[in-house]
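# Architecture at a glance
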Amino acid sequence: ILSDVDDTLYSSGGKFPTGCDTRFPRHMCYPGCLSLYRALDQHRDCQTPSCNLVFVSARPHLYKDWTEDHSYRLFQSLVAQGRMHTSPTLLPGRLKNGVWAFLTAKCMGPRAWRAVGEAKYDTYVNFRALYSEYDFVFCGDDGQGDLLAAQKMAAEQ
């Protein structure tokens, strides 16, 4: 299972640049999202260590894992609460693409996130090459390049 984080796992509360969904409070997990991940991973053997849940983020790797730590703290709290069924891993985005999108989003709209979508797709391709024996399901929203990444993933099938 590959998934986006902001406005897919939990709501951004409409706070730019992480997302635009104002229907739910910021950082609230979407109803049913964690149940969906668990259902998609129903054949997982709890006795065998594995990581069948992987988040692909637009957030870049920064000094001393600063941005990743934020996400991993969220994941660890969800696992500790028994809400998330496994400890996921995180594949970060690229700083250049995220900064470009952030600076140009107001004037370019969704096109500003194209490079982020391309990078998410490239990350998927590289990850898939490591685990070519697996099938993948991608969960995303319609922002930060997720739709473009999903279209490219589907086109190669």
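In the block above lies the structure referred to throughout.
Residues numbered from 1 in each chain as written. Predicted model: local features only at pLDDT ≥ 70, side-chain atom pairs only at ≥ 80, totals over all residues. Heavy atoms only, no water.

## Observations concerning the packing of helix 4 (residues 114-130) against helix 5 (residues 146-155)
In the contact formed by helix 4 and helix 5, the axes pass within 7 Å of each other and the chain directions differ by 40 degrees. Compared by their axis directions, helix 4 and helix 5 come out oblique. Handedness of the crossing formed by helix 4 with helix 5: right-handed. Contacts between helix 4 and helix 5 involve Arg114, Gly117, Glu118, Lys120, Tyr121 and Tyr124 from the former and Asp146, Leu148, Ala149, Lys152 and Met153 from the latter. (Axes fitted to C-alpha atoms, helices over the stretch in contact; angles between N-to-C directions. Helix = DSSP H or I, 4+ residues; strand = E, 2+ residues; numbered from the N terminus. Parallel < 35°, antiparallel > 145°, perpendicular 65-115°, else oblique. Left-handed = near helix turned anticlockwise from the far one by under 90°. Contact = heavy atoms within 4.5 Å.)

## Some points on the packing of aromatic side chains
Counting across every chain of the model gives nine aromatic pairs. Seen in terms of ring centroids, tyrosine 37 and phenylalanine 55 are 5.9 Å apart; in terms of plane orientation they differ by 80 degrees. Their pairing is edge-to-face. Placement of the pair is tyrosine 37 in helix 1 (residues 33-40) and phenylalanine 55 in strand 2 (residues 54-60), with a sequence separation of 18 residues. In this pair, the class of tyrosine 37 matches that of phenylalanine 55, namely buried. (Phe/Tyr/Trp six-rings, centres within 6.5 Å; stacked < 30°, edge-to-face > 60°. Buried < 20%, exposed > 50% of the residue type's maximum accessible area, 1.4 Å probe, protein only.)

## A word on the environment of lysine 96
Note on placement: lysine 96 falls in helix 3 (residues 95-108). For lysine 96, a relative accessible area of 68% gives the class exposed. Separated by 31 residues in sequence, lysine 96 and phenylalanine 127 place their C-alpha atoms 20 Å apart.

## Observations concerning the environment of tyrosine 72
Turning to its location among the elements, tyrosine 72 is positioned in helix 2 (residues 66-80). For tyrosine 72, a relative accessible area of 26% puts it in the partly exposed group. Residues tyrosine 72 and proline 88, 16 residues apart in the sequence, show an inter-C-alpha distance of 8.4 Å. Excluding anything up to four places from it in sequence, tyrosine 72 contacts Pro88, Thr89 and Leu90.

## Some remarks on the pairing of strand 2
Counting buried positions along strand 2 yields seven of seven residues, so the element is predominantly enclosed. Alternating positions in strand 2 separate into two faces, Val54, Val56, Ala58 and Pro60 on one and Phe55, Ser57 and Arg59 on the other, with burial throughout. Here strand 1 (residues 2-3) pairs with strand 2 via two bridges, running parallel. Residue pairing in the sheet places serine 3 in a bridge with phenylalanine 55 of strand 2. The pairing of strand 2 with strand 3 (residues 89-93) spans four bridges and is classified as parallel. When the sheet's bridge partners are listed, valine 54 is paired in strand 3 with threonine 89. (Pairing = 2+ DSSP bridges.)

## Remarks on helix 5
In an α-helix, one turn spans 3.6 residues; hence positions three or four apart end up facing the same way. Inspection of helix 5 places Asp146, Leu148, Ala149 and Met153 among the buried residues, and these make up the whole buried set. One face of helix 5 carries all of its buried residues, which in axial projection span an arc of 165 degrees. Exposed and facing more than 90 degrees away from the buried side of helix 5 are Ala154 and Ala155. Buried residues along helix 5 sit against helix 4 and strand 4 (138-139). (Arc of directions from axis to C-beta.)

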